[in-house]
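Examination of the molecular architecture
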Amino acid sequence: MTRDALPEPPRTDASLMAAIVAGDRRAFAELHARHAPWLVARLGRRCADSGLVDEAVQDTFFAVWKGARRWDGRGEVAAWIWGIGVRRLIDGLRRPHPMATAMTDLLVPMARRGSVASAEEQVLLGAQYGDMGSALDRLSPSLRAVVQATVVDGLTSREAGRLLGIPTGTVKTRMMRARAALREELT
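The structure reproduced in this document is the subject of the present report. Here, residues in each chain are numbered from 1, in the same order as that chain's written sequence. Confidence filtering applies because this is a predicted model: local features only for residues at pLDDT of at least 70, side-chain atom pairs given and counted only at 80 or more, and all residues used for totals across whole chains, interfaces and linings. Working from all heavy atoms in the structure, the side-chain values ignore hydrogens and water.

**A word on the packing of helix H1 (residues 13-21) against helix H4 (residues 77-94)**
Which entries qualify depends on this criterion: Fitted lines through C-alpha atoms give the axes, limited to the stretch in contact for helices. The angle between two N-to-C directions lies from 0 to 180 degrees. Strands are runs of DSSP state E lasting at least two residues, helices are runs of H or I lasting at least four, and both sets are numbered from the N terminus onward. In this scheme, roughly parallel covers angles under 35 degrees and roughly antiparallel covers those over 145, while 65 to 115 is roughly perpendicular and the rest are oblique. In this analysis, two residues are considered to be in contact whenever any of their non-hydrogen atoms come within 4.5 Å of each other. All amino acids are sorted into three groups, where Ala, Val, Leu, Ile, Met, Phe, Trp, Tyr, Cys and Pro are nonpolar, Asp, Glu, Lys and Arg are charged, and the leftover types, Gly among them, are polar.
Across the interface, H1 lies against H4 with an axial gap of 9 Å and an inter-helix angle of 60°. On the basis of their axis angle, the class for H1 and H4 is oblique. Residues Asp13, Ala14 and Met17 of H1 touch H4, and the partners they reach there are Val77, Ala78 and Trp80. Partitioned by chemical class, the residues of the contact of H1 with H4 number five nonpolar, no polar and one charged.

Structure follows, in structure tokens:
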């Protein structure tokens, strides 16, 4: 009597990352298929320009392929990918315009370009270049990283903790301290 072969269980993200480090293109394809759809959706909520979102996703997975060794195994692979993705999107938002014209271009309807700036694009640029950006720059790196992960990147405290390699309680404490410091700076 022969047994039917049971389907192989899906590999974990961690095992896929180990295989990618070894140069396994199939593992990379599997990781891409698993994570690209949600990355496109989440970045798409932050940017109205689908071309820019697609470019950020492509750049993200290129960085994953080239830099798989940099994932240290301490956090979730998805959180690591999200961190790369949101930085690539912000880089893309910064790239086409000098600082002075970026705000103007995004705040004025862009019918000639076929898209309208999302509210998040406007807020991100304001946070980057306005009073808030200056106040954020004066925060300690550990507080600024928590603010970026939770506020700018939209991660939960738990996801931010995994991304930053710190406990969830530490994320909450640093966020409380960052709010107090920002309140002091901005009032």
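**Overview of the side chain of histidine 35**
Convention followed: The term polar contact refers here to a pair of N or O atoms within 3.5 Å; inside protein, the definition further demands a hydrogen-donor-capable atom paired with an acceptor-capable atom, and it admits residues adjacent in sequence only when both atoms are side-chain atoms.
With respect to the secondary-structure elements, histidine 35 resides in helix H2 (residues 25-44). Of note is the side chain of histidine 35, whose polar atom sits 2.8 Å from the side chain of tryptophan 38. With sequence-adjacent residues up to four places away left out, histidine 35 is seen in contact with Asp13, Phe61, Ala78 and Ile81.

**Digging into the packing of helix H8 (residues 141-152) against helix H10 (residues 168-186)**
Contact pair H8 / H10: the axes reach a minimum separation of 9 Å and the direction vectors enclose 100°. One element, H8, and the other, H10, form an angle in the roughly perpendicular class. Taken together, the residues of H10 that come into contact with H8 (itself represented by Ser142, Leu143, Val146, Val147, Thr150 and Val151) are Val171, Arg174, Met175, Arg177 and Ala178. For the contact of H8 with H10, the class distribution of residues is seven nonpolar, two polar and two charged.

**Structural notes on the pattern of salt bridges**
Rules: We define a salt bridge as a contact between a side-chain nitrogen of Lys or Arg and a carboxyl oxygen of Asp or Glu at a distance within 4 Å. A simple rule labels every residue: compare its accessible area, found with a 1.4 Å probe on the protein chains alone, to the largest value its type can have, and call it buried under 20%, exposed over 50%, or partly exposed in between.
Counted according to the given criterion, the structure contains five salt bridges. For arginine 11, the salt bridge identified is with glutamate 30, shortest N-O distance 3.6 Å. Of this pair, arginine 11 sits in the segment before H1 while glutamate 30 sits in helix H2, and the two are 19 residues apart along the sequence. Classification of glutamate 30 as partly exposed rests on a relative accessible area of 28%. What you see here is one network of salt bridges that share partners, running through Arg11, Asp13, Asp24, Glu30 and Arg34.

**Some points on the side chain of arginine 42**
Relative to the helices and strands, arginine 42 resides in helix H2. By relative accessible area, which is 16% here, arginine 42 ends up buried. Contacts of arginine 42, omitting those with residues within four sequence positions, involve Trp82, Asp153, Gly154, Leu155 and Glu159.

**Some words on the packing of aromatic side chains**
Where we set the bar: Any two rings among Phe, Tyr and Trp, with Trp reduced to its six-membered ring, count as a pair given centres within 6.5 Å; such a pair is stacked if its planes are under 30 degrees apart, edge-to-face if over 60, and tilted if neither. A ring is considered to have a charge above it if a Lys NZ or an Arg CZ atom is located within 6 Å of its centre and within 35 degrees of its normal.
Per the counting criterion, the structure on display carries three aromatic pairs. Here the aromatic rings of phenylalanine 28 and phenylalanine 61 are separated by 6.3 Å at their centres, their planes lie at 70°, and the arrangement is edge-to-face. Linking phenylalanine 28 in helix H2 with phenylalanine 61 in helix H3 (residues 50-66), this pair joins segments that are 33 residues apart in sequence. On the basis of relative accessibility, which here comes to 3%, the residue phenylalanine 61 falls in the buried class. On the numbers, 5.3 Å between centres and 65° between planes, the contact of phenylalanine 28 with tryptophan 65 is edge-to-face. Pair noted here: phenylalanine 28 is in helix H2 and tryptophan 65 is in helix H3, with a separation of 37 residues, a long-range link. Aromatic ring contacts, followed pair by pair, group Phe28, Phe61 and Trp65 into a single cluster. The ring of tryptophan 82 has arginine 42 sitting right over it, with the charged end atom 4.1 Å from the ring centre.

**Digging into the nonpolar core**
What counts, and what does not: As used in this record, nonpolar core signifies buried Ala, Val, Leu, Ile, Met, Phe, Trp, Tyr and Cys residues forming a set joined through side-chain atoms within 4.5 Å.
One finds Met17, Leu31, Leu43, Val64, Ile81 and Leu89 to be the most contacted residues of the largest nonpolar core, which totals 43 residues. Those elements that provide at least two residues to this core are H1, H2, H3, H4, helix H7 (131-137), H8 and H10. It is H4 that provides the largest number of residues to this core, a total of nine residues. Leucine 43 has contacts with Val53, Ala56, Val57, Trp82, Gly85, Val86 and Leu89, leaving out every residue within four places of it along the chain.

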